[in-house]
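Chain by chain, the residues run as shown.
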Amino acid sequence: MKRLNSQLQDDGAPMELILLLRTILAGCKEISFRVSQGALAGVLGSTLSENVQGETQKKLDVISNQILKDILSESGYVKAISSEEEDDVVGCNPNGNYLVSFDPLDGSSNTDINSLIGTIFSITHAPQWMEPDDPSAFLQPGTQAVAAGYVLYGPSTMLALTTGKGTHIYTLDKTHGGFLLTTANIKVPEQTSEFSINASNQRHWQPHIQNYISDLLAGKEGPREKNFNMRWVAAMVGDIHRVLCRGGIFMYPQDAREPDKPGKLRLLYEANPMAFLVEQAGGLANTGDGRIMEVMPTDIHQRVPVLIGSKGEVETCLEYS
Ligand code: AHG
Ligand code: MN
Ligand code: MN
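Criteria and thresholds
- Residues numbered from 1 in each chain as written.
- Chains lettered and ligands numbered in written order.
- Predicted model: local features only at pLDDT ≥ 70, side-chain atom pairs only at ≥ 80, totals over all residues.
- Heavy atoms only, no water.
- Buried < 20%, exposed > 50% of the residue type's maximum accessible area, 1.4 Å probe, protein only.
- Helix = DSSP H or I, 4+ residues; strand = E, 2+ residues; numbered from the N terminus.
- Contact = heavy atoms within 4.5 Å.
- Core = buried A, V, L, I, M, F, W, Y, C linked by side-chain atoms within 4.5 Å.
- Domains from an automatic or database assignment.
- Phe/Tyr/Trp six-rings, centres within 6.5 Å; stacked < 30°, edge-to-face > 60°.
- Pairing = 2+ DSSP bridges.

1. Structural notes on helix α7 (residues 311–319)
In step 1: Listing the buried residues of α7 in full gives G312, E313, V314, T316 and C317.
In step 2: If you follow the buried residues of α7, they end up packed against α4 (207–217), β13 (249–252), β15 (284–286) and β17 (306–309).

Printed below as a string of structure tokens:
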């Protein structure tokens, strides 16, 4: 089986980017090990602190963030990082050529039930002019990313990665610690009969989303004239992995709970990297108002509504708005 390095070289990735990706993945392997120890190492449960988003941090949120922060700060390749678990941008090497944004542990409510979780990241070039702790360099649209990926800590530890030459899936071979290519150029099926949304928020959705979902639920007897299945992992990384593997539409739409927060998911740490991966696999990623990757961020912790998945189904959903 082909190794990660060899695929990255075939895709024309520069050596420094390959070394940076290997650094991130070394951190993810450590997270994977810590996660697998679970209760034996006392890493489950919550801390007493909240992150900048006002969410109580799980112990594994803090551990995963620290692992990635340390390894990236020491690598030399990175000028600054922004993380879901850091209030501000963290300056690293003033001469580093890259910026890394990450969600160190996605789906952290799943930690205590031994269910799917993962790490999501994206990489852009660091502008020469920026000071290492300047957040403005992170406020670039997702189209500027040079790479994005996630590592899924599931029954297998898997990596989905794009450098803009398709999306490839790798599986961690724990016998030697390498990621091996297990699906090259994965393609999201254009049509689907599976959707993914937290239906408990239904009363807060905008009317057109309510209409769209009720047409899916109406099944064969409704206007869509087919039955739809529903899945919700409560970790975007798990839901998007399923979408990449067998299609579907994943949604976290705008809702009326907190009018100043349009959607739950974070543009830099979740929406943009997943949009890059899914678009490179032939799917679509939209906020309901335009392409996710074209949103110009105004804040590093900005949230956006998310509709991601099979091209035909995202287009159908957009027709309701
Ligand atoms: P995080 O654990 O990084 O805070 O992200 C959780 C996100 C996302 O992964 C998931 O799709 C969604 O929140 C789950 O939301 P609900 O709590 O509404 O199920
Ligand atoms: Mn997350
Ligand atoms: Mn997280």
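2. Details of the nonpolar core
In step 1: Counting 45 residues, the largest nonpolar core has Y150, I240, L244, M274, V306 and I308 as the members making the most contacts within it.
In step 2: Elements with a minimum of two residues in this core: β7 (147–153), β8 (157–162), α5 (236–246), β13, α6 (267–280) and β17.
In step 3: Ranked by residues supplied to this core, first place goes to α6 with 9 residues.
In step 4: Looking at which domains feed residues into this core, each of domain 1 (4–183) and domain 2 (194–319) gives three or more.
In step 5: Within the second largest apolar cluster, 39 residues are counted, among which are L72, Y77, F102 and I123.

3. Here we look at the packing of aromatic side chains
In step 1: Inspection of the entire model under this criterion finds 3 aromatic pairs.
In step 2: With a centroid separation of 5.3 Å and 75° between ring planes, the pair formed by Y212 and Y320 is classed as edge-to-face. With Y212 in helix α4 and Y320 in the segment after α7, the pair connects residues that are 108 residues apart, well separated along the chain.
In step 3: Using a relative accessible area of 24% as the deciding quantity, one classes Y320 as partly exposed.
In step 4: Measuring from ring centre to ring centre gives 5.9 Å for W232 and Y252, while their planes differ by 55°; the resulting arrangement is tilted. On the criterion of sequence distance, the pair formed by W232 in the loop between β12 (229–230) and α5 and Y252 in strand β13 is long-range, its members being 20 residues apart.
In step 5: Residue W232 is classed as partly exposed on the basis of its relative accessible area, which comes to 27%.
In step 6: On the accessibility criterion, Y252 (8% relative accessible area) is buried.
In step 7: Chaining the aromatic ring pairs together yields one cluster made of W232, F250 and Y252.

4. As for the pairing of strand β6 (residues 117–125)
In step 1: Counting buried positions along β6 yields 8 of 9 residues, so the element is predominantly enclosed.
In step 2: Sheet topology note: the strand β5 (residues 98–106)/β6 ladder contains 7 bridges and is antiparallel. Each residue of the ladder has a partner; that of F102, found in β6, is F121.
In step 3: The sheet contact formed by β6 and β7 spans 7 bridges and is antiparallel. The residue bridging I123 from the neighbouring strand is A147, located in β7.

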